[in-house]
Amino acid sequence: AKLIVNASSGRPIPETLFGIFFEEINHAGAGGIWAELVSNRGFEAGGQNTPSNIAPWSIIGDQSSLTVSTDRSSCFERNKVALRMHVLCDSEGSNICPAGGVGIYNPGFWGMNIEQGKIYMVVLYVRSLGSINVSVSLTSSDGLQILATANIVDSDVSNWTKTEVLLEAKGTNPKSRLQLTTSRKGVIWFDQVSAMPLDTYKGHGFQKELIEMLEEIKPQFIRFPGGCFVEGEWLRNAFRWKESIGPWEERPGHFGDVWMYWTDDGLGYFEFLQLSEDLGARPIWVFNNGISHRDEVDTTTVSPFVQEALDGLEFARGASDSKWGSVRAAMGHPEPFDLKYVAVGNEDCWKKNYRGNYLKFYDAIKRAYPDIKIISNCDGSSYFLDHPADYYDFHIYTSASHLFSMTHQFDHTSRSGPKAFVSEYAVTGKDAGTGSLLAALAEAGFLIGLEKNSDIVEMASYAPLFVNDNDRRWNPDAIVFNSSMHYGTPSYWVQKFFRESSGATLLDANLQTNSSSLVASAITWTNSVDGETYLKIKIVNFGNRHVSLEVSVDGLGLNSQLSGSTKTVLTSSNVMDENSFTDPNKVVPDLSLLENADKDMNIIIAPYSLTSLD
Ligand code: AHR
């Protein structure tokens, strides 16, 4: 096979091409990138009616020493449920409390990762008719090993009182829990109990190591917060941005009925905008358009949803003295966020009211914010849209061989009309397992096709991005984690090969082969750190044989340097190989010096591999 690259001619790839899609699925946010350690911090997860279930909170002590219940006495209007603890034992007298006291504990999201030397901020609201002496402790999962502890001693908490405690861990345990215990008789109410590490990504509450995985692939945009999470199974359970902003204590939280778990919505609309800014990625806000999986608002009554979207745009972009801009400013961000893209719903194109509703949103948003780009759910690659849009969503979950063959999917798509946003793609099913090399290589072939068609495809993102291994709602995912460990699947690593593509120049790359298993592309890109321009050639071999590839690069400038060129290969001995917590680096890119780099060279391409020559 022969690949002839012409380095002197090419066309620009959009700055936006490769980004990420974050959905609150698989506990990606709550118990994932949001660093809150307490699960169900406001005791609302069991519902707004009492008595309610307080899980995963549990009780320390037996019925002779305390009773625990919920009531609606909280000082927070939108989340009235509070926990009431009636302590019957004491440190003296006839009913002596057990050693260590009685109380409640929270195991977090399948264990809290507490690390020696790190500092944790515990915030809680407390009320009692008498004086209190409560120990706040981080302990092992059985409560026997105390990693950090402090006492709250107060003589007057007759009104709800906010209390903050800093705890420095004296040991490490990835399965820790937070305990609130006492040995003093009386009635105590607790509400909004939070525990966060002080050290979070840019100090904004995000779990550092997981966000650093995102930094590494340099996403140009973040589509958020879903997915089906935006729609809800029923409208009443859909994500609504106004319920997710303001002081965290006041947020009601909600039960996401598609992925079937409660979120306290500490990771809300503001935090998504903040994360986008922190990563230097363009925010793409997907909002509910009055349609869920099972119910819909008729177009004649959709205007409150339209107003909600307009208010959301004012929250993100309005002046700090505007109605909603001032709420953003009060949250610590007086400057507007750079929100320029919105999607009207998710996968709703074929719903009864979609077009009618969509047009209401489109007209109102374009009138108020003419520069905002609007994304339709209807796939404009297979037919001409019957409504105006700047972009259309294209979602594809399929087998490996099919996705690989879709490297040509956009070759013949009409070049007029809206641009394509491949907002969800992945190999799924048995080819993918929980993240195979085979799936990743098919995706790499598909992405090379998108690069080549980036005059019509302007954005693309893999889905889903994250999975907490304790709650796999969807397989596979790009990044797998638990309380203390994480790794990228091969599909994650493929995305790193494409991180220089956005904003690069796509070169003419003529691949001469009679094999349908080989695809290749070439780009030049400018490194903002050293100002130099680099050549990058990517080749996917989706077949099971070695390929001897002659590579010729024409049109290199006189000052071009080939020494120091590298070769990076993603492959493994078995195409179904996956990474895991025990072997996180089984299928990762392998970087080596490209020996004898020349403008004409012969490269042996490994079977089932993605190779990059830089
Ligand atoms: O990515 C998982 C789900 O797949 C998304 O929520 C939805 O948009 C699609 O069906």
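Residues numbered from 1 in each chain as written. Predicted model: local features only at pLDDT ≥ 70, side-chain atom pairs only at ≥ 80, totals over all residues.

**Notes on the overall build of the protein**
To keep it simple, the criterion reads: For helices the rule is a DSSP run of H or I covering at least 4 residues; for strands it is a run of E covering at least 2, with both sets numbered from the N terminus onward. Throughout, the radius of gyration refers to the C-alpha atoms, and the reference size of a globule is 2.2 Å times the residue count to the power 0.38. Two residues qualify as a contact pair if the distance between their C-beta atoms, derived from the backbone, is within 7 Å.
Helices and strands together make up the secondary structure of the protein, namely nine helices and 33 strands. Its C-alpha radius of gyration of 27 Å places the protein within 12% of the 25 Å reference for a compact globule of 614 residues. For the C-alpha atoms alone, the extent of the protein along its principal axes is close to 90 × 55 × 45 Å. Long-range pairs, those at least 24 residues apart, make up 74% of the contacts in the protein with a sequence separation of at least 6.

**Comments concerning helix H8 (residues 437-452)**
Stated formally: Between the first and last residue of a helix there are one fewer steps than residues, each counted as 1.5 Å, and that sum is the expected span. Three exposure classes are used, all based on how many other C-beta atoms lie within 10 Å of a residue's own C-beta (placed from the backbone): buried at 20 or more, exposed at 12 or fewer, and partly exposed between those limits.
The end-to-end C-alpha distance of H8 is 23 Å, a good match for the 22 Å that 16 residues give at a rise of 1.5 Å each. Most of H8 is tucked away, with 15 of its 16 residues classed as buried.

**Re the site of the ligand**
This is how it is decided: Any residue whose C-beta atom, as set from the backbone, lies within 6 Å of a molecule or strand is reported as near that molecule or strand. In the scheme used here, Gly and all other residues not listed as nonpolar or charged are polar, with Ala, Val, Leu, Ile, Met, Phe, Trp, Tyr, Cys and Pro taken as nonpolar and Asp, Glu, Lys and Arg as charged.
Glu23, Ile25, Gly226, Gly227, Cys228, Asn346, Glu347, Glu424, Ala463, Pro464 and Trp474 make up every residue found near the ligand. In the shell around the ligand, the residues fall into five nonpolar, three polar and three charged.

**Looking at the domain arrangement of the protein**
Applied cut-off: Each domain span listed reflects an automatic or database assignment of domains.
Domain assignment breaks the protein into domain 1 (1-19 + 200-219 + 392-614) and domain 2 (58-197). Placing the centre of domain 1 and that of domain 2 at their C-alpha centroids yields a distance of 48 Å.

**Notes on the sheet that holds strand S23 (residues 466-468)**
The test is simple: Between any two strands, at least two bridges found by DSSP are needed for them to pair. To obtain an axis, a line is fitted to C-alpha atoms, over the contacting stretch when the element is a helix, and the angle between two such axes runs from 0 to 180 degrees between their N-to-C directions.
The three strands are arranged S23-S24-S25 in an open sheet whose pairing can be described as mixed. A single partner strand is all that each edge strand has here, and the edge strands are S23 and strand S25 (486-488). Averaged over all pairs of adjacent strands, the angle between their axes in this sheet comes to 15°, without regard to strand direction. Those strands touched by helix H1 (residues 208-216) are strand S24 (479-481) and S25, and its axis lies near 10° from that of S25.

**Things to note about the nonpolar core**
To be explicit about the condition: Here a nonpolar core is just a set of buried residues of the types Ala, Val, Leu, Ile, Met, Phe, Trp, Tyr and Cys, joined wherever their C-beta atoms sit within 7 Å.
One finds Ile222, Ile375, Leu441, Ala442, Ala444, Ala460 and Leu465 to be the most contacted residues of the largest nonpolar core, which totals 127 residues. When near neighbours in sequence (up to four residues on either side) are disregarded, Ile375 contacts Tyr341, Val342, Ala343, Val344, Ala389, Asp390, Tyr391, Tyr392, Asp393 and Phe421. Membership of the second largest hydrophobic core comes to 39 residues, among which are Val81, Tyr105, Val122 and Leu180.

**Describing the environment of Thr70**
Note that Thr70 resides in strand S4 (residues 66-71). On the neighbour-count criterion, Thr70 (24 C-beta atoms within 10 Å) is buried. For the pair Thr70 and Phe43, spaced 27 residues apart in the sequence, the C-alpha separation amounts to 8.0 Å. Ignoring anything within four residues of it in the chain, the contact list for Thr70 reads Phe43, Thr50, Pro51, Ser52, Ile54, Val81, Ala82, Leu83 and Arg84.

**Notes on the packing of helix H4 (residues 303-317) against helix H6 (residues 354-368)**
The line we're drawing: When the near helix sits turned anticlockwise from the far one by under a right angle, the crossing is termed left-handed; a clockwise turn instead gives a right-handed crossing.
Relative orientation of the contacting elements H4 and H6 amounts to 35°, with a least axis distance of 10 Å. Handedness of the H4/H6 crossing: right-handed. Residues Val306, Ala309 and Leu310 of H4 form the contact with H6, whose participating residues are Lys360, Phe361, Ala364, Ile365 and Ala368. Within the contact of H4 with H6, the residues separate by chemical class into seven nonpolar, no polar and one charged.

**Regarding the pairing of strand S10 (residues 146-154)**
Sheet topology note: the strand S9 (residues 132-139)/S10 ladder contains eight bridges and is antiparallel. Each residue of the ladder has a partner; that of Asn133, found in S10, is Val153.

**With respect to the confidence of the model for the protein**
What counts, and what does not: The quantity called pLDDT is the predictor's confidence in a given residue, expressed from 0 to 100.
For the protein, the mean per-residue pLDDT works out to 97, and 100% of the residues sit at or above 70. The complex prediction reports pTM at 0.98, with the ipTM value standing at 0.99.

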